[in-house]
Structure formats: C-alpha cells, structure tokens
Amino acid sequence: MLGRPDVSVVVITYNDAGRVGRAVRSLYAQTLRNLEIIVVDDASSDGTERVVRRLPGVRYVRRERNSGGCGAPRNDGIDAARAPFIMFLDSDDELPRHACKSLLAEIERTGSDFVAGQISRLYEASGKIERYYPGLFTPRRVVEGIRAEPELFLDGFSTNKLYRVDFLRRHQLRFREDLHYEDHVFTADLYAAAERFAVVPWVVYHWRRAAGRGESISLSLREVGNARQRVAAAEAADEILRRNGLAELVPARQVRFVKQDLRVYLNALPYHDEGWAEELATVVEPYLKRLAPGVLAKAEPMVRVCCGLIRQGRADELALAASSLTGPKAPPRRVLVEGGRTYWGDRADPALDITALGLADLPFTATRIRHEVTEMSACGARLTLSITTYDPFRVIRPEHHATLTIGDRPVRLAPKHRPDGSYLTKLTLDLATFQDFVGFHEPRIGFTRPADGHTTSDRLLISPTAHPVTVNLRGRRVTAAADGPAALFRLTWLRTDLVRTIARTPWLKPHARKLRALPTKARKRLGSRKIKLGVYKQLIKVVPRRKDLVLFEADAGKGYTGHPRYIHEELLRRELGLTAVWSRVKGAFPADVTTVRRLSWRHVWTMARAGWWVDSHGMPLGFPKPAGTRYLQTWHGQGIKTIGLDAPDLRGDFPEPRELWRANVARWDALVSPSAEFERTFVPSNEYAGLVLRFGSPRCDVLVKGDPAAVRRVRERLEIPADKKILLYAPTYRDQDKMSGKSVRVDLAGLAKHLAGDWVLVLRTHPADTYRVPERLRGFVRPAGGYPEVNDLLLAADVLVTDYSSLMCDFAVTGKPMVFFIDDWEEYRRAERGVNYDLPAIAPGPCVRTTAELVAALREPYRLERYAAFLTTWCADERGDAAARIVSAFFEGESPSTPSAVPREEVRQ
C-alpha cells in the first residue's frame, strides 16, 4: 500500500482462529486494492493472534482485556484508522468482492455522510442466501436525513455501511462499550447526526450463519439476560432520538423492535419451558407497555397476539402462539369468529385479532387444521403415535374420511371426537411396509368430503423438545423427530446396508461418496441423452415405421392439453384404427390414455417407430425425424410477442442454438395456423418452408361451441360459490425471471379490498413461472397454475386480466371482456421479450398500470370497435371445426381448399 489508504476496514475478532483468515482473505480479494486492513483482537485466548500475525498486510491491534462485546474493539478501529473512509467486518463474516470499491464510488459521487447497502444472510448448513428486507435498499437513492424515510430504522446494522471518518469523529459517534446490541444504539446516533446518506441495492456484506459453532451474541438466546440487553439497547436508541429533537421518529424506531428484535425471542419460545417464557415476558413487558400508539398495528398479526399475551400476563400461552410465526405457520387450536372478525383463542379481544390472516375465509381444501403428536414410542418395527387434532374453524364432519399420508401411501384413521371439540387418534405404523422409502417424509392428515371428494390436509406438529424415536429395520434406520421451531413431525429413512457400512469403515471413508455413487453413475451414463441419441439414430435406420402409431406431446410433456389433445379426441371419434401414445413429464392425463416418460428408453423407441408425430412445442431437439414419419406441428398460440429466431434466447449472435432450432423446424411436415396474421409473423420468424393448414385452432373449437360442464368443473374444483363472478388473471412469464413469480404484477391484496365481496380471482400462471399465493389471500385468490385444462378456465371466467399472453387471442373467441395489466410495457417491449405489435393501440380492452385503474376498468371493460378489429385479425378462421378439418387434411389425406392450406411462398405474398 502506497501513501494514504482509500478505505480502512476494521475486522473485530475474539477466539475465532478458524474463521478470521477467511474474513481477511475476502479483503484481499477486493477490487479496491488500496485498503488498510486493521484486525482488532479482543484479547483472544485461542490461536487467533498466531493466525493474524501470519497474514500479510494486516495491522494487528490487541486489547489487553476482553471487553465482552463488539463496541470497544470497533472504537479501537475508529481510533486507529488512517483512511478517510471506514467499514466494519466481523471475523465470522465476509465482504463481497466489489463491496469497498462500489461503496467508495457511491459516497464520493453523492457527497453523503455514509452509504448503506444490502446485507445478506448466508446459511452455511444449507448454502441458502437470504437478503435482509430487500425492499429497504431499493431503489438506489440519496436520502436527505432520516425524517425523509424513517422506515430505514429497520436497518440497524453497522457492518453494511461505509462512513466518512471525519464525520464519525466530528460528531463523536462511538459504539457503546457497556451494552450488547451496540449496533442499534450506534445507528440511532448515526441517523440522528447524518444530514444526507446514500442507499444502494446491491449486496455489500455477507452475514454468515454457521450452525452449531460458537454462537454470536445475537444468537445466544439461552439466557433471558440476552433479551434484557436488547431491550436496554432499544430504550437507549429511543432516548438518543428524543435528545436530538427527533421524538416524532421514536415510533418508527420502535417498529424495528417489534418486527425484528422481539421476533428473535418469540421464534425461540417453542424450544424453552414455561419458566423461560415467563422470564422473557417479565423483561419485555414494561417496554411493550411504553410503545407509542400505532406501533403494534404495524406488526404481523401473530406478533401482535404474542405481545397481547405478554401485556396481559398470559405467558403460559406464549409458546403456542409463537409456533404460528415460523415454518408452516401452524394454525391456532381455537378461534372465535364474531362480527366479521377472527380472534385467536376463545374471546373477542382486540389484542388477539387475527382477521388479517384470512384464515376464516379459506375454501375447504385450504382450511387449516392443527394436528399435534402428543406421544410416540417404538416397539420393533412399529411406531405408535397419539395425535390430537384441533379443528378451529369447525369444518370436520362425522361423515368425512380421515387419512394419514406418508409420501404416496395412505393409511385410514379413526379419530375420536372429544368433549372439548378436539379429536384423538391412536395409530400404530408398521414401518417395515415402507421398506422402499429413503430420505425424509412429512406426514399429512387429510379429511375428505364424500359429497365432492375435496380434501383438506395439514402436516403434523410436535414439540421441538420432544426426544427423537428410532426404529431399526433391515438395511434402514427410521427416525421420528421434530424439524424446526414450529415444529413439523418428520420421518427420516437412512440406509444402513452393506454399501453404507463399507463406506463408514475408517480406511475407506475418503472414498465413501464414490462408493455410494457407483450404481447411480452407471445408471446415469447408460441413460444419458447422448447415449440415447446415438442408439436412436441407429434404430431409425433399421426399425420399420408403424403407420398406425401416433406419438403426441403437448407443452413438452407437461399435460394432456392444447391443440394435440383436441386432435387426439377427433381421431378417437373417427375410429381410424390409430394407436396413440403420449409423451409425459408431469401433469394430469386421463386413465385410458397411454403415456411414456419423456426421453425414457421407451419414449426413444416410440419416437423411432411412430408413423406420426403431433406436438405443440417441439419434439426433443437434436433427434432427427425418421424417414416416413409425418410430423404435425400445432404450435401453442398466437399473439403479440416475438417468436422463433426473433425471440430472446435465439436472436443473439450464437449460431449453435439457432442452427439447432432450424433443424427442429425442418422436421415439420405441416403447421397448424389459426389465422393469416399468425402466418405473417410466425412463418418467416421460424424460416418455415412447409405446408400451412389454416383451419383455426383445435383448442378453440370448444370455446366457439361452449361447454357448461367445464364451467361447473371449475367452480366445483376451485370451490367458487355460485354467487361470485370469476376474474381470471393469466399473466405470461418474463424471459429474464422465469420461475420467480415476478409475472404476477397485480397487487392482489389491494385488489381483494375492492373486489372480494363479489368476485373470486383465479390465478393461472404460465408453466414457465411459479407463484405461491399468500394464505391470507386464499379466500379471494384461487391458484390454478396446475389446473389441467386452461380452456375450462376461459369458459368459466367472466373477465380475463392478462398482459402479453397468447391467451388473449383464444379468449377473444368467447366474446367476453378483457383488461390488460401492462405496468412494465416499456421494459417488456424494449428490454424483455420484445413484441411485434403495439398492444395499447390494438388491445380489445383497457390497458391499465395500477390497481385503481384495473378496478375502474372492470366497470367498463369493453372496447367494442377494437374488439371487432381484434377478432378480424386473430380469430376470423375460428369456426369450431378446426380439429376435424386438420384430421381430414393431415391423417386422411383429403386435399384441403385454399386458403386453408397455404404453402410458404403464398404466405409471403
């Protein structure tokens, strides 16, 4: 390091010889090279000093006596710093590679007193990374004092910030040395003094959470004294704000205590006895009583319940309430529903109001029932359980069938109703009958209504302090134990066979993983795509085609749906003597439909022999079509999005995927076309040169004709009352955020406030995306991403809300209204997927960007002139007989009439 350093990084450590080197190495890796690394050792008694003195380029400062906290060593670091800027790092954590450089650039650019960035928790046991309140740090911005954004009190860390050293010294900002959780006090001082600070959304600090190794102060929860320290820090922080003329901000800072600080101890409550809960209540109750009005209202409902129990002196019920905070969010044992409100327990106490959880509004299949394992024992291969079931919303009836399910194995139960309203089940499981199980399973108990077959089920709970029970079987050991603080009842099967025994032999232990993997590796190699492709290429040279065999596939094997389904049904109606086999990955298929697992050896054999291929996306890429096989490509929709070689994953300058796609298209013998407009964009963008069958869309035939039974199926399966209108929300995926849930851009909670009285929203996410509906909204929102046939949903819907999905063209056939929620239109068309059409200019319904606009649009959703033009463009060929005409043309060889079958050259004209 030459001259004055740019940034001083203070690493504080105590008895952490095993990890301090890792922390310092994360500083060596910084892209900002001109760093001063100061390690302040709080009088370690292990080998920490020896480790640090071997690290090059480090200033080592050793305290004579251990301070018992983090404040004193950090203050020593401030005093020792020579750079104009400073950061703090704990020895068990790390800085990301660009942390120092990016924060330095930001503080210099903005002239701020300090800059704060995103902090992430890295759980070493699982490798999971979790960002801390990511919404706090987005967007990148400059904040003109804490009054402008008091919610930033939630960021009470000192380690995710870069400070001006002269600012800290000028305002005499120091860490408390007589108190744990000194960060909370220091940041209160910091926010009170700072006139201007910056916030950035990228991660600048990795807070590593190691399981079972030297707990940090923040995780040392065994002693209630730890909570006393945290309460004292909260009180000191509040006083700092009052002293600095910021008394009006105290409630915002107290929100942090309720949302974050107290929550740490509430999460731990189930692990402790009633005495510990009483001590905790004694410590925090005075501070809770002094909270400013409105603070508790900003906490989660069950946190408010816990605070209410503490303030009312009902510590004996705390652990029960706290078990609903984490994991599966365990339901209460009892509730009171009165006057449209829901209360935890059995009395209408405003402090115990949990209406916001929406539990009383859940449909039967989502209703919460609480199952507690109260006793368990083992004898031989038998595991005996006593299970108490609580039905807080009183949905269980005597005629319901009760079943315990482990994996895919059902076990019938006979619960006995008790005078207090609960149910007792005595159960003995012969675990020898589960001999093929491996890994862990979390049993569920379900109650099924015979009238409609609907089942509501929930996982079993057990006290986190319950002693595990082990059952030894031949080649397996099964452990019944609690998992997590909620805590879930889990059965874990562990192999104890010869391979495992050999692998545990000391001199073979280094090779254990290889030994266990040998059979798996052999199977994977023999079943690899490369080997299957090689075998397939030889098969198609020698195996004759079966002219009576049709291989169907829809959505790459994800279901019995789309155009292929309706073509298959038409073939069955005509009894042409063809045998149909469907490629399958997942999804629902009728019992009488023959399926093969996609890319299994049987599927490879079927591809090689089938005389006909029909699919809606693309048969496995790279597998040539056998000579004599005819391939009908139905595709899966039409619309405004770019497609084929113009789509994001193919339009880049990477020849290999483009050539692979061209080879895929070259296999097609005929292409189903729903409209002339589809041909105008789809055909050239895929460089298709074959026959085009313009007969409309087979899957739209039913939309033209209607199907009252489909409407009944939707309402029955999704439990939609007859007096509720159906709003179908079907957004398409975002190419840059697949399987993230980010396609669901409508504020569902806000929409529920306006519509829940008259409507039910059916959420149909794209197969390339996934979204978990919050439980509190399940009374209004019915998730239907897994519903087997989207046409049923289109027929049942009163209004469709979509964005850029091709479903808009299908739904238009019904003539029902549509609304387009396109708040990211500019981003989508320019930086995301890209479009061929200006949607706001052609949309057959209102285009909206906010929830308020969406609600207003539902009152007047039609745009009649545009709707007519849209139908002319996209749906002119939809007559309800597309499947029949395609079967005639493709399978029976009837000569189609122009323009129903158009060669590519005519399309271009």
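I will try to describe carefully the structure that is included in this document. Fair warning: this is a prediction, and the values are worked out from it, not measured in the lab.

**Considerations on the overall build of the protein**
Move 1: Scanning the protein from terminus to terminus reveals 30 helices and 37 strands.
Move 2: The C-alpha atoms of the protein give 32 Å as radius of gyration, which agrees with the globular expectation for 909 residues (29 Å, within 12%).
Move 3: For the protein, the spread of C-alpha atoms along the principal axes amounts to about 95 × 75 × 70 Å.
Move 4: Residue burial in the protein is summarised as follows: out of 909 residues, 54% are buried.
Move 5: Of the contacts formed within the protein by residues at least 6 apart in sequence, a portion of 68% connects residues at least 24 apart.
Move 6: Taken as a whole, the protein presents about 40,500 Å² of accessible surface, with 50% of it coming from carbon and sulfur.
Move 7: When the 138 basic and 112 acidic side-chain charges of the protein are each reduced to a single mean position, those positions are 6 Å apart.

**Digging into empty space enclosed by the protein**
Move 1: The full count for this structure, using the stated rule, is three cavities of 30 Å³ or more.
Move 2: In this structure, the largest cavity spans a volume of roughly 60 Å³.
Move 3: Lining the largest cavity are His563, Thr634, Trp635, Gly637, Gln638, Val672, Pro674, Phe678, Gly696, Ser697, Arg699 and Asp810.
Move 4: The residue inventory of the lining of the largest cavity, partitioned by class, reads four nonpolar, six polar and two charged.

**Quick word on the pattern of salt bridges**
Move 1: The tally for this structure, following the rule as stated, stands at 68 salt bridges.
Move 2: Across the pair Asp155 and Lys161 runs a salt bridge, and its minimum N-O distance is 3.0 Å. Grouping residues by exposure puts Asp155 and Lys161 together as buried.
Move 3: In this structure, Asp735 engages Arg833 in a salt bridge whose closest nitrogen and oxygen atoms are separated by 3.6 Å. On the criterion of sequence distance, the pair formed by Asp735 in the loop between β31 (725–730) and α22 (748–755) and Arg833 in the loop between α25 (825–830) and α26 (839–842) is long-range, its members being 98 residues apart.
Move 4: Overlapping salt bridges bring together Arg734, Arg745, Asp803, Asp823 and Asp824 as one network.

**Some points on the packing of helix α6 (residues 182–193) against helix α7 (residues 225–243)**
Move 1: Their axes nearest at 8 Å, the elements α6 and α7 cross at an angle of 10 degrees. Here α6 is positioned roughly parallel relative to α7, judged by the angle of their axes. Residues His184, Val185, Ala188 and Asp189 of α6 touch α7, and the partners they reach there are Arg230, Ala233, Ala236, Ala237, Ile240 and Leu241.
Move 2: Considering only residue class, the contact of α6 with α7 consists of seven nonpolar, one polar and two charged.

**So, the sheet that holds strand β35 (residues 818–821)**
Move 1: Strand order in the open sheet formed by six strands is β33-β32-β31-β34-β35-β36, and the pairing between neighbours is parallel. What marks the edges here is a single partner per strand, and that holds for β33 (781–783) and β36 (847–848).

**Regarding the pairing of strand β21 (residues 469–473)**
Move 1: Because side chains alternate across β21, one face comprises the buried residues Val469, Val471 and Leu473, and the other comprises Thr470 and Asn472, none of which is buried.
Move 2: Alignment of β21 against strand β22 (residues 476–483), held across five bridges, turns out to be antiparallel. Residue pairing in the sheet places Val471 in a bridge with Val478 of β22.
Move 3: As consecutive antiparallel partners, β21 and β22 are separated by two residues, and within that stretch Gly475 has a phi angle of approximately 80 degrees, a positive value.

**Overview of the pairing of strand β15 (residues 409–412)**
Move 1: Bridge analysis of strand β14 (residues 401–406) against β15 gives four bridges, and the strand direction is antiparallel. Bridging across to β15, Leu404 finds its partner in Val411.
Move 2: Linking β14 to β15, which pair antiparallel, is a turn of two residues; within it Gly407 sits at a positive phi near 65 degrees.

**Regarding unusual backbone geometry**
Move 1: In this structure, the amide linkage connecting Thr138 to the following residue, Pro139, adopts the cis form with an omega of 0 degrees.
Move 2: Here Pro139 lies in the loop between β6 (128–131) and β7 (141–143).
Move 3: Phi is positive for Asp555, close to 55 degrees, though the residue is something other than glycine.
Move 4: Mapped onto the fold, Asp555 is located in the loop between β24 (546–553) and α15 (562–574).
Move 5: Despite not being glycine, Trp635 has its phi angle at roughly 50 degrees, a positive value.
Move 6: Looking at the secondary structure, you find Trp635 in the loop between β28 (630–633) and α17 (648–651).

**So, the packing of helix α9 (residues 274–289) against helix α10 (residues 301–311)**
Move 1: Contact geometry for α9 and α10: axes closest at 9 Å, N-to-C directions at 105 degrees. If you check the angle between α9 and α10, you find them roughly perpendicular. Note on element contacts: α10 touches α9 through Cys307, Ile310 and Arg311, opposite Ala281, Val284, Glu285, Leu288 and Lys289.

**Quick look at the nonpolar core**
Move 1: Grouped together as the largest cluster of nonpolar side chains are 83 residues, with contacts concentrated most on Leu385, Leu431, Phe489 and Trp493.
Move 2: With eight residues, the single largest contributor to this core is α9.
Move 3: Excluding anything up to four places from it in sequence, Trp493 contacts Ile406, Leu431, Phe434, Phe437, Val438, Gly439, His441, Leu473, Arg476, Arg477 and Val478.
Move 4: Counting residues in each nonpolar core, the second largest holds 41 residues, with Ala796, Phe811, Tyr828 and Phe870 among its members.

**Focus: a negative patch on the surface**
Move 1: Together, Glu223, Asp273, Glu274, Glu278, Glu279 and Asp316 give the surface a local cluster of negative charge.
Move 2: Looking at the secondary structure, you find Glu223 in the loop between β9 (197–209) and α7.

Parameters at a glance
- Numbers given to residues run from 1 along each chain, matching the order in which its sequence is written.
- Owing to the predicted nature of the model, reporting of local features is limited to residues with pLDDT of at least 70; listing and counting of side-chain atom pairs is limited to 80 or more, with chain, interface and lining totals taken over all residues.
- The side-chain quantities take in all heavy atoms of the structure and omit both hydrogens and water.
- Every helix listed is a DSSP run of H or I at least four residues long, and every strand listed is a run of E at least two residues long, numbered separately from the N terminus.
- Radius of gyration: C-alpha atoms only; globule rule: 2.2 Å multiplied by the number of residues to the exponent 0.38.
- For the exposure calls, accessible area comes from a 1.4 Å probe over protein chains only, and a residue counts as buried if that area is under 20% of its type's maximum, exposed if over 50%, partly exposed in between.
- In what follows, a contact means two residues having at least one pair of non-hydrogen atoms within 4.5 Å.
- Here, Shrake-Rupley sampling with a 1.4 Å probe gives the accessible areas, and only protein chains in the shown set may cover a residue.
- Charge assignment: positive for Lys and Arg, negative for Asp and Glu; neither His nor the chain ends contribute.
- To locate a charge, take NZ of a lysine, CZ of an arginine, CG of an aspartate or CD of a glutamate.
- A cavity here means a set of points on a 1 Å grid, drawn over the protein atoms and nothing else, where a 1.4 Å probe fits but cannot get out; a pocket is an open set with protein on both sides within 12 Å along at least five of seven lines, and a residue lines either one if it has an atom within 4 Å of a point.
- Grid points are joined across faces, edges and corners, and a volume is the space filled by probe spheres set on the points.
- Ten residue types, Ala, Val, Leu, Ile, Met, Phe, Trp, Tyr, Cys and Pro, are classed as nonpolar, four, Asp, Glu, Lys and Arg, as charged, and the remainder, Gly among them, as polar.
- The term salt bridge refers to a pairing of a side-chain nitrogen on Lys or Arg with a carboxyl oxygen on Asp or Glu at a separation within 4 Å.
- Each axis is a line fitted through C-alpha atoms, and for a helix only the stretch in contact is used; angles between axes span 0 to 180 degrees, taken between their N-to-C directions.
- When describing relative orientation, an angle under 35 degrees is termed roughly parallel and one over 145 degrees roughly antiparallel, while 65 to 115 degrees is termed roughly perpendicular and anything else oblique.
- Should DSSP find at least two bridges between two strands, the strands are regarded as paired.
- Here the nonpolar core consists of buried residues drawn from Ala, Val, Leu, Ile, Met, Phe, Trp, Tyr and Cys, with membership extended through side-chain atoms lying within 4.5 Å.
- Only residues whose relative accessible area exceeds 30% and that form no salt bridge enter a patch; like-charged residues are grouped when within 9 Å of one another, and nonpolar side chains (Val, Leu, Ile, Met, Phe, Trp, Tyr) when within 5 Å.

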